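For reference, the chains in residue letters:
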Amino acid sequence: MHGAHETGSARLVVLGSAGLAGGFILIGAEVHADADAATVESVLEQLAQSGDAALVLLETHLAHADGYWLNRLRNEGGRIVITELPPLPAPQDYAPAVDAVVRAVLGPDALK
C-alpha cells in the first residue's frame, strides 16, 4: 500500500493496474497496484470491519470479479461506495453499469 491518507473520516482506496493506480498516489489515495480479485476481497473485508467510510475505485476487470465482500458491500450501500474505473489502455470500451439502467428506463436512444 502506498500513499495511505485519510481525508476527514473517509478513505479513498484505488485497486487496479500500476499505470492506472499510480496517478492516484499523487492525490493521497491508498493504492493497491496490480491488485487481483483476492486483494480486492481482502481490502474490502478490512474496510467493512474498520468502520471507516470509503470510496473504493476498482479497475474494470476487478469491478466485474465475483466476490463475497464485493457483492455484499455493493448491495448494502452506505459508508463504503464502490465504483469502477475505465481501463487505461482502452477507455473508449468503458460503459458504466448505470448506462444499461438509464437505457432500460428512458429508451435505447437516451444516451446519444
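Above this text is the structure in question.
Caption draft 1: Focus on the environment of R74. Position of R74 relative to the elements: it lies in helix α4 (residues 68–76). Take R74: its relative accessible area is 38%, and that puts it in the partly exposed class.

Caption draft 2: A look at the nonpolar core. With 18 residues, the main nonpolar core has L15, L44, L47, V56, L58 and I82 as its most contacted residues. For this core, the secondary structure elements donating two or more residues are β2 (10–16), α2 (37–50), β4 (53–59), α3 (60–63), α4 and β5 (80–85). Looking at which element gives the most residues to this core, the answer is α2, with five residues. The residues contacting I82, other than those within four sequence positions of it, are L44, V56, L58, L70, L73 and R74. Counting residues in each nonpolar core, the second largest holds eight residues, with L20, V31, L57 and L85 among its members.

Caption draft 3: Broad picture of the pattern of salt bridges. Taken as a whole, this structure holds three salt bridges when the rule is applied. Notably, a salt bridge pairs E30 with R11, separated by 2.7 Å at the nearest N-O pair. Placement of the pair is E30 in strand β3 (residues 30–33) and R11 in strand β2, with a sequence separation of 19 residues. On the accessibility criterion, E30 (3% relative accessible area) is buried. Overall, R11 belongs to the buried group, its relative accessible area being 10%.

Rules behind the numbers
Residues numbered from 1 in each chain as written. Predicted model: local features only at pLDDT ≥ 70, side-chain atom pairs only at ≥ 80, totals over all residues. Heavy atoms only, no water. Helix = DSSP H or I, 4+ residues; strand = E, 2+ residues; numbered from the N terminus. Buried < 20%, exposed > 50% of the residue type's maximum accessible area, 1.4 Å probe, protein only. Core = buried A, V, L, I, M, F, W, Y, C linked by side-chain atoms within 4.5 Å. Contact = heavy atoms within 4.5 Å. Salt bridge = Lys/Arg side-chain N within 4 Å of Asp/Glu carboxyl O.

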